[in-house]
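# A closer look at the structure
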Amino acid sequence: MEELILTLKEQIIDALNLEEIAPEDIDNDAPLFGDGLGLDSIDALELIVILDRFYGIKLANPAEGKNIFKSIRTIADYVATNRTK
Amino acid sequence: MIEVLATNITSPLGRTTEENYRAVWSGRSALRCYENWRDIPVRFGASMLSDEQMAELAIEGFTKFESLAIRSIEEALSHCEADPTSPRTIFILSTTKANIDELRCDTAECYSTPGEAAKKIARHFGMTNEPIVVCNACISGVTAQLLADSLITTGEYDTAVVCGADVVSPFVVAGFHSFKSLSPEACRPFDIERLGLNLGEAASTIIFGQMENTSTSKWRLMRGYLNNDAYHVSAPSPVGEGTVTAISKVMTGEEKDSLGVVCVHGTATMFNDQMESKAIERGGLSEIPICAIKGYYGHTLGAAGVLETVLTMRASDEGVVLAVRGFDEIGVSGKINISNQERSCTTDRFLKIISGFGGCNGVLLYSKEEVARNTTEVAHQIKCTHTIRITPNEVVLDDKPLMCTTTGGELLKELYKTHIGDYPKFYKMDTFSRLALIATDLLVGCETMDERAVEHDLILFNRSSSIVADRNHLATISDTDNFYPSPSVFLYTLPNIATGEIAIKHSFKGETSLYILEHKSEPTMKQITTATMQRSDNPTLITGWIDCESENQFEAEIKILTKQ
């Protein structure tokens, strides 16, 4: 799981151009939206692309992401359970 | 105030305004379902010209986009005596992505910029003035009409040929797919089960002239208003803040009951329709019948503002409010007067409302009622208060060089770290938006507290549109087996997003527009900025040239103009 969490952080930093942030700066349990990393609705769509591209998980409805994208750990849990690649 | 001399709609539903009106009136829709169209692994609904239709419309030596625009303009010209070759005639092209379907990842050949496309079209008609391309996302068509009004009213020209056009391409389909905005079925504006928008391709033209008489036979653009929500670059203010303000400005001194219809944007996305319903309610227009025509044509992007205005004029001529195709059960919380049945339009007066990416909003008021001729307003004296120039090698602020240690794309990062530093969203932007944001930030930083306190309009010009983001987006969709279009890359393929980013950072709620020229032309830019300042009630305009050919090739030269 720790390896998956690190990979996810690197993929998110790359996809969202979080240029001044390193993986260790992101708390596994901190909220990604609002406070924390301060992501917005376009970033949420970009997270959907990450799930599809790297893990073969397709979220047709962005609203499904609300619970999945709470924190890095919730994403990792969802990916570990649902990944197809 | 200007009047309409002639119109055209060229679409899958017909080649004239009349053919289109008759088709829509009889309930025909051009929307079809597509799957794996041109190897794009997406299922979507769209309104597209058939191969047979295109065979009739295509003109040798011109692209599909250019051919469509030419066909629309020439048919409109055939209905009036306007002389396209006159030096008193200006051509304004409204488009979001123009010839983008010709762009290839591996070569710069065969692609002409929006400005070059406009020049080709202008040359076809023997037009002598430099054409202007309006690239203001979904509100381009409304911006173009208001620009025509400003340029004619201030006496720069007698006639304006305003053409809105866009074609459906894998580029655009993939982009809206990445935003999860596309409905796989025919769209359902304002309906509880709406799933998103459909794309559509069309061209539509309005030829405007000076108001010649006070008779009631012609449609007149009475006034209009553009502004920015300064809320989010891809989502409208949930309560329709900008649209409410625009409605209020346009309807000042007017009886709301005098409106026969409000032609709304009605894209059938969750956010747009909800926002518009709230704006209509807050604007006091809940009782006025609305028409939303995306269920017939889809979202025709740069053509939409023109096409929907033309169709509303034609329907109003017949005393008709067109049925909202696709609507069944109300799915928005704002109170609106909507029906999927044809209704009667009781007056010759309507509003066109539209909103778009970049946070921009526009409202136009059209009327056939008797009005007095224009009175000439006193021209404002305009003073330039601050200037900035940024190239890959130098930064000059108010004629003083700024010391920098880097060049090229790194220079922008250095300027950000040195002079801004607390706006991490900067790194998410494309180079064009970064350049525009930094130039504006440094410029506004020179203002005194008094200068900063007033509302600013923002009008930028360029040549290369959003070519860097365009190529980046194309790279993400060129391989069918590796098809992962990025929403944050696609976003910046609308160059007016740069104006939205600036509006958000500085809370600018005035007009924000982006124009593309074939080349940097100071006289054309001055014409537009002067005419805009005469129209606007805001005292200050930030304007100038922001062009970005690559991540290391760019130029920003902007200034602050203030009315005296």
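The preceding data block contains the structure.
Let us look at the structure shown here. (Residues numbered from 1 in each chain as written. Chains lettered and ligands numbered in written order. Predicted model: local features only at pLDDT ≥ 70, side-chain atom pairs only at ≥ 80, totals over all residues. Heavy atoms only, no water.)

Now for the overall build of chain A. Along chain A, the regular secondary structure elements total 4 helices and 0 strands. In chain A, the order of α-helices and β-strands from amino to carboxyl end is α-α-α-α. Taking 2.2 N^0.38 as the reference for a compact globule, 85 residues should give roughly 12 Å; the C-alpha atoms of chain A span a radius of gyration of 12 Å, in line with that estimate. Summarising its shape, the C-alpha atoms of chain A cover approximately 30 × 25 × 20 Å along the three principal directions. Of all 85 residues assigned to chain A, the portion counted as buried reaches 41%. For chain A, long-range pairs separated by at least 24 residues make up 58% of all intrachain contacts whose partners lie at least 6 apart in sequence. Just so you have it, chain A exposes about 4,500 Å², and 50% of that area is on carbon and sulfur atoms. Here chain A holds 8 positive side-chain charges and 17 negative ones, and the gap between their average locations is 9 Å. (Helix = DSSP H or I, 4+ residues; strand = E, 2+ residues; numbered from the N terminus. Rg over C-alpha atoms; globule rule 2.2 N^0.38 Å. Buried < 20%, exposed > 50% of the residue type's maximum accessible area, 1.4 Å probe, protein only. Contact = heavy atoms within 4.5 Å. Areas by Shrake-Rupley, 256 points an atom, 1.4 Å probe, with all protein chains shown as cover. Lys, Arg positive; Asp, Glu negative; His and termini not counted. Charge placed at Lys NZ, Arg CZ, Asp CG, Glu CD.)

Further remarks concern unusual backbone geometry. In the Ramachandran plot, Asn17(A) falls in the positive-phi region, its phi being about 55° despite a non-glycine side chain. Its location among the elements puts Asn17(A) in the loop between helix H1 (2–15) and helix H2 (41–55). We classify Asn17(A) as partly exposed; its relative accessible area is 35%. At Asp39(B), a position not held by glycine, the phi torsion is positive, near 65°. On the secondary structure map, Asp39(B) appears in the loop between strand S2 (31–35) and strand S3 (43–47). The exposure class assigned to Asp39(B) is exposed, which follows from its relative accessible area of 56%.

Right, let's get into the interface of chain B and chain A. With 19 residues of chain B at the contact, the number on the chain A side is 21 residues. The junction of chain B with chain A conceals about 1,500 Å² of combined surface from both sides, 54% of it contributed by carbon and sulfur atoms. Per-residue buried area on chain B facing chain A is highest for Tyr427(B), Lys428(B) and Tyr484(B); these three make up 43% of the total on that side. Here chain B and chain A share 2 salt bridges between them. The tally of links between chain B and chain A comes to 8 residue pairs in polar contact (both at pLDDT 80 or more). Taken together, the elements giving at least two residues each to the side of chain B that touches chain A come down to helix H11 (408–420) and helix H15 (487–491) of chain B. Looking at the side of chain B that touches chain A residue by residue, the classes come out as 8 nonpolar, 6 polar and 5 charged. (Buried area = accessible area lost by both parts, 1.4 Å probe. Salt bridge = Lys/Arg side-chain N within 4 Å of Asp/Glu carboxyl O. Polar contact = N/O pair within 3.5 Å; in protein donor to acceptor, adjacent residues only side chain to side chain. Nonpolar A, V, L, I, M, F, W, Y, C, P; charged D, E, K, R; others polar.)

Next up on the list: the pairing of strand S22 (residues 553–563) of chain B. Residue and element names in this part refer to chain B. Bridge count between strand S16 (residues 382–391) and S22: 8 bridges; the pairing is antiparallel. Bridge pairing in S22 places Cys384 opposite Leu561. Relative to S22, strand S21 (residues 540–550) runs antiparallel, the two being bridged by 10 bridges. Bridged to Leu541 within S22 is Leu561. The antiparallel pairing of S21 with S22 creates a hairpin that spans 2 residues between the two strands. (Pairing = 2+ DSSP bridges.)

Here we come to the nonpolar core. Residues and elements named next belong to chain B. Membership of the largest hydrophobic core comes to 129 residues, with the highest contact counts inside it found for Phe91 and Ile390. Looking at which element gives the most residues to this core, the answer is helix H12 (residues 431–444), with 9 residues. A domain-level breakdown of this core finds at least three residues from each of domain 1 (2–367) and domain 2 (382–563). Of all hydrophobic cores here, the second largest spans 62 residues; its members include Ile293, Leu322, Cys360 and Leu561. (Core = buried A, V, L, I, M, F, W, Y, C linked by side-chain atoms within 4.5 Å. Domains from an automatic or database assignment.)

In this section: the packing of helix H5 (residues 140–153) of chain B against helix H10 (residues 304–317) of chain B. The angle between the axes and the distance between the axes are what describe a pair of packed helices. All names here are of chain B. Packing of H5 against H10 leaves a shortest axis separation of 5 Å and a crossing angle of 75°. Relative to H10, the element H5 lies roughly perpendicular. Residue-level inspection shows Gly141, Val142 and Gln145 of H5 in contact with H10, the latter providing Gly305, Val306 and Thr309. Of the residues in the contact of H5 with H10, the class split is 2 nonpolar, 4 polar and no charged. (Axes fitted to C-alpha atoms, helices over the stretch in contact; angles between N-to-C directions. Parallel < 35°, antiparallel > 145°, perpendicular 65-115°, else oblique.)

A few words on the side chain of Glu75(B). Residue and element names in this part refer to chain B. Structurally, Glu75 is set in helix H3 (residues 64–77). Of the side chains with opposite charge, Arg15 comes closest to the buried, unpaired Glu75, at an N-O distance of 8.2 Å. Within the structure, Glu75 has its side chain in polar contact with the side chain of Asn8 (distance 2.8 Å). Residues in contact with Glu75, not counting those within four places in the same chain, are Thr7, Asn8, Arg15 and Thr16.

Residue and element names in this part refer to chain B. What the rule picks out here adds up to 14 aromatic pairs over all chains. Ring geometry for Tyr34 against Phe44: centres 5.7 Å apart, planes inclined by 20°, an arrangement best described as stacked. Of this pair, Tyr34 sits in strand S2 while Phe44 is found in strand S3, placing the two residues 10 residues apart along the sequence. By relative accessible area, which is 19% here, Tyr34 ends up buried. Each member of the aromatic cluster is reached from another via a ring pair, and the members are Phe171, Phe176, Phe179, Phe357 and Phe490. In this structure, Arg38 is placed above the aromatic ring of Trp37, and the distance from its NZ or CZ to the ring centre is 5.2 Å. Cation over ring: Arg434 sits above Phe426, and NZ or CZ is 4.9 Å from the ring centre. (Phe/Tyr/Trp six-rings, centres within 6.5 Å; stacked < 30°, edge-to-face > 60°. Lys NZ or Arg CZ within 6 Å of the ring centre and 35° of its normal.)

Take the packing of H5(B) against helix H17 (residues 522–535) of chain B next. Residues and elements named next belong to chain B. Axis separation between H5 and H17 bottoms out at 9 Å; the angle between their running directions is 90°. Relative to H17, the element H5 lies roughly perpendicular. Of the residues in H17, those in contact with Leu146, Leu147, Ser150 and Leu151 of H5 are Gln527, Ile528, Ala531 and Arg535. For the contact of H5 with H17, the residue count by class is 5 nonpolar, 2 polar and 1 charged.

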